[in-house]
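Residue-level listing of the chains:
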Amino acid sequence: MCLISVLSIFTSVLLPLFGLGLVANDLHPAIAWFDQMNSELKQLNHEAAQYAWEASTLPTQSSAATVEKIGQLTVRKAHWERTMCGRGEQHRDFNASLGRALQLLCRSWVNTDDEMRQMTELLGFMQTIYTGTQICVDKSYDACDGNQVLWERTHFKYPKFEENEVEDQKAKENQEAGKICLFGEPDMEQIMTKAKIHQFSKQSDCKINESDILKWAWHSWRMAVGPPIKQTYGKLIQLMNNGARRVGFQDAGDSWREELEMPNLRATVHRLWQEVKPLYQKFHALIRHHLRKRYPEIKEFDRLGLIPAHILGDMWSQNWETHAASIVPHEVDIEHNFKRMNWTGQQLVKRAEDFYSSTGLPMMTKQFWEKSVFERGANVTKCHGTAANMYEEGDFRMIVCAGSTTSDFYVVMHEMGHIMYYMLASDQPTIFQDGTNSAFQESIGDTIHLASMSPLHLTRLGLLNSSYLKPEVDNTLNSFDYALLMKTALVKIPALPFAYIMDRYRWDLFEGSANFEEDANRYFWYLLESEQGIKPSPNTDRTHLFDAAAKYHFPDNTPYVRYFLANILSFQLLEGLCRKSIYGSVDTPYQLPMPLHRCDLYGSKRVGRVLKKALAPGGSQHWTTVLKTLTGKEEISVDSMVRYFEPLTKYLDKIIKQQGIPVGW
């Protein structure tokens, strides 16, 4: 859709929308500025989106040229922002809405051209290291040979950065022949979840040492990507701080926090974490108790101590879902049922679209189906869930390397939440199309995913027999409810301390309270040990490493506290939407007639209407207004999350008491 001239529709639309109270002669220069700014910003955003897409889908050598284009565009856009902000500053008689547009536009850092080029190169290098590095092992290796042999037959394969980096083809073929080479995502990640841990086992009569394979995968990935990224990150901190301080921020972390528009964000996040930490500690205690029985061969694993990070079932120890079935066993295995369906990536996306559209939200566009990438192939270099707004009519895209697993279903539902937000806000002026803030952007897909995992919808998908909808306990729950709640809890609850730490760590590096050169990795593990209750493995000197870089969002330079807030918000939004669906009001005083995890939003047109009302204004509304529309409240709260898991929490309390399981570390 062409951008409609703001000036031409001013009298019929913008005047009542913005509530401008100025005389016409004073208004036209401001509206002309607004019109020009949005038109030019749309073109710049379209270029940026196109380059970002190319960098994600072209081979590493070709994407190097794209990084150069991104650098040039970054410089050009920065000059444009400064010019446009200067012009906007002349119109200090803006009303609140136009003033908000100026505020959003002018909070970017101010770096010199040379600094911006350096930052682009550094970020391009870090991202390429993360997405292009492979861990290679001789195909001849057998897990029965032991861990030492595995390390002897391991080497790291780094990506080429320039098209003219010519290697002797024969030497290259000799080097790579007979090797299995694995990317971090999804290959090494799938070893950590044990989905592909047995690919190294060639003898059926040999019992492999599972913890040794996990330790190898966990440590080798950090050894491969951490040191090269660390070489660049110190310089990036300096450049980011330079740009942030020139526009009045204390440092880059201060600037990141500003985007969320939450006063005293550090204190707010700390308070929320302290409120939910007791719940986390119960799950930590239960998992520790379970893992000590499962891995008795691991030394220095105390019943009151820290959990070795490599055995938690996830490369980053933020998702413990693989242990759910062992702790609350059940005859229905949802993961197995997903695999049995054998859905392709596109079929999984179709099921996600069905849920969103059932509420009256729009279907995905023709361009979405033509241009999105749903499975890993030759044209995908970044196998990390991505949603893209291309700033062209109907052009919204997704990258997911999806198979038929519950985690793939989550990624698809999450990314479609981003796209739905983009679609609903696409009629807004460009400056407002990104949404009210990044935390809400991340929360929409998470909310809908929670609803899609209700027992009733799992039945619709053919993943659960309808007999498990009948209550057995207290006239509300049955045994499957507890298994499902445990599966959800071990995804959601451990993610909170991880998300809290990732940005607290970077904020402290930016402000200098943690010394990057001398203290970076030690301080990172201090936070993980004290807040998350985990420890590195192998427990050796890690001073030269940079373990935070093992997570995609670190080299991608994406702020992470948004995920902490989105996780909490998703339960709060689910409860508000459930009330809307049942009672017609998000803030009704009536109690829900079912446990929150059993609330089914599928097909609720009330839910679709309130989501449109909340999301269509995009960034033109402050997040507190959006939250009030969806929940009736203006403050983020952990209460809904606590209520969601309340049946499971009572169950855990009984187990902990009966078995004398110590809580805390």
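Here is a short report on the structure shown in this document. Computed from a predicted structure; not experimentally measured.

Overview of the nonpolar core
Counting 173 residues, the largest nonpolar core has Trp216, Tyr233, Phe283, Met486, Tyr505, Phe564 and Leu565 as its most contacted members. The element that contributes the greatest number of residues to this core is helix α9 (residues 210–246), accounting for 14 residues. If near-sequence neighbours (up to four positions away) are discounted, leucine 565 is found in contact with Leu260, Met262, Leu265, Val269, Leu272, Ala439 and Ile636. Counting 19 residues, the second largest nonpolar core, distinct from the first, contains Phe34, Leu41, Trp80 and Leu98.

Observations concerning the sheet that holds strand β2 (residues 154–157)
Within a sheet, neighbouring strands are paired by backbone hydrogen bonds and run either parallel or antiparallel to one another. Strand order across the open sheet formed by 3 strands is β2-β1-β3, with antiparallel pairing between neighbours. Looking at the sheet topology across the chains shown, the edges are occupied by β2 and β3 (179–183). Shown here is a sheet whose adjacent strand axes are inclined to one another by a mean of 30 degrees, direction ignored. Two strands pair when backbone bridges link them, and strand β1 (residues 134–138) and β3 are joined in this way by 5 bridges, in the antiparallel orientation. Paired with cysteine 136 across the two strands is cysteine 181, which belongs to β3. Sheet contacts for helix α8 (residues 184–192): β1 and β3; angle to β3, the most-contacted strand, approximately 105 degrees.

Digging into the state of the cysteines
Using the criterion set out here, one finds 3 disulfides in the structure. Two residues share a disulfide in this structure: cysteine 85 and cysteine 106, whose sulfurs sit 2.2 Å from each other. Across the S-S bond linking cysteine 85 and cysteine 106, the dihedral sits near -115 degrees, which makes this disulfide left-handed. Of this pair, cysteine 85 sits in helix α3 (residues 60–89) while cysteine 106 sits in the loop between α4 (96–105) and α5 (113–132), placing them 21 residues apart in sequence. Across a sulfur-sulfur distance of 2.0 Å, cysteine 578 and cysteine 599 are joined as a disulfide pair. Between cysteine 578 and cysteine 599, the S-S dihedral sits near 115 degrees, and the bridge is therefore right-handed. Of this pair, cysteine 578 sits in helix α22 (residues 561–583) while cysteine 599 sits in the loop between α22 and α23 (605–615), placing them 21 residues apart in sequence.

Thoughts on α8
For an α-helix, the turn length of 3.6 residues means that residues three or four places apart are oriented alike. Most of α8 is tucked away, with 7 of its 9 residues classed as buried. Burial in α8 covers these residues: Gly184, Glu185, Pro186, Asp187, Met188, Ile191 and Met192. Residue lysine 194 follows α8 closely and has a positive phi angle near 75 degrees.

Some details on the packing of aromatic side chains
Tallying each qualifying case throughout the model produces 34 aromatic pairs. Ring centres 5.7 Å apart and planes at 50 degrees place the aromatic pair tyrosine 280 and tryptophan 320 in the tilted group. With tyrosine 280 in helix α11 (residues 265–294) and tryptophan 320 in the loop between β4 (307–308) and α12 (324–327), the pair connects residues that are 40 residues apart, well separated along the chain. By relative accessible area, tyrosine 280 is classed as buried at 0%. A relative accessible area of 0% places tryptophan 320 in the buried class. Here the aromatic residues Trp218, Tyr233, Tyr505, Phe516, Tyr523, Phe524, Trp525, Tyr526, Phe546 and Phe554 are joined through ring pairs into a cluster of three or more. Here the basic side chain of arginine 257 rests over the ring of tryptophan 507, its NZ or CZ set 4.9 Å away from the ring centre. The ring of tryptophan 316 carries the charged tip of lysine 551 above its face, separated from the ring centre by 4.2 Å.

Things to note about helix α13 (residues 334–341)
For α13, the set of buried residues is Ile334, Glu335, Asn337 and Phe338. Projected down its long axis, α13 carries its buried residues within an arc of 165 degrees, all on one side. Check the buried side of α13 and you find it contacts α14 (345–358), α16 (406–424), α18 (455–460) and α19 (479–492). One side-chain oxygen at the N-terminal end of α13 lies 3.0 Å from the backbone nitrogen of glutamate 335; it belongs to aspartate 333. The positive-phi residue at the C-terminal boundary of α13 is asparagine 342, with phi of around 55 degrees.

A closer look at the environment of methionine 192
Tracing the backbone through its elements, the reader meets methionine 192 in helix α8. Methionine 192 sits in the buried class, given a relative accessible area of 0%. Taking the C-alpha atoms as reference points, methionine 192 and tryptophan 316, 124 residues apart in sequence, are found 9.2 Å from one another. Excluding residues within four positions of it along the chain, methionine 192 makes contact with Leu214, Ala217, Trp218, His310, Gly313, Asp314 and Met315.

Analysis parameters
- Residues numbered from 1 in each chain as written.
- Predicted model: local features only at pLDDT ≥ 70, side-chain atom pairs only at ≥ 80, totals over all residues.
- Heavy atoms only, no water.
- Core = buried A, V, L, I, M, F, W, Y, C linked by side-chain atoms within 4.5 Å.
- Buried < 20%, exposed > 50% of the residue type's maximum accessible area, 1.4 Å probe, protein only.
- Helix = DSSP H or I, 4+ residues; strand = E, 2+ residues; numbered from the N terminus.
- Contact = heavy atoms within 4.5 Å.
- Pairing = 2+ DSSP bridges.
- Axes fitted to C-alpha atoms, helices over the stretch in contact; angles between N-to-C directions.
- Disulfide = S-S within 2.5 Å.
- Phe/Tyr/Trp six-rings, centres within 6.5 Å; stacked < 30°, edge-to-face > 60°.
- Lys NZ or Arg CZ within 6 Å of the ring centre and 35° of its normal.
- Arc of directions from axis to C-beta.
- Polar contact = N/O pair within 3.5 Å; in protein donor to acceptor, adjacent residues only side chain to side chain.

Note that every value here comes from positions in space, so none of it alone points to a role or purpose.
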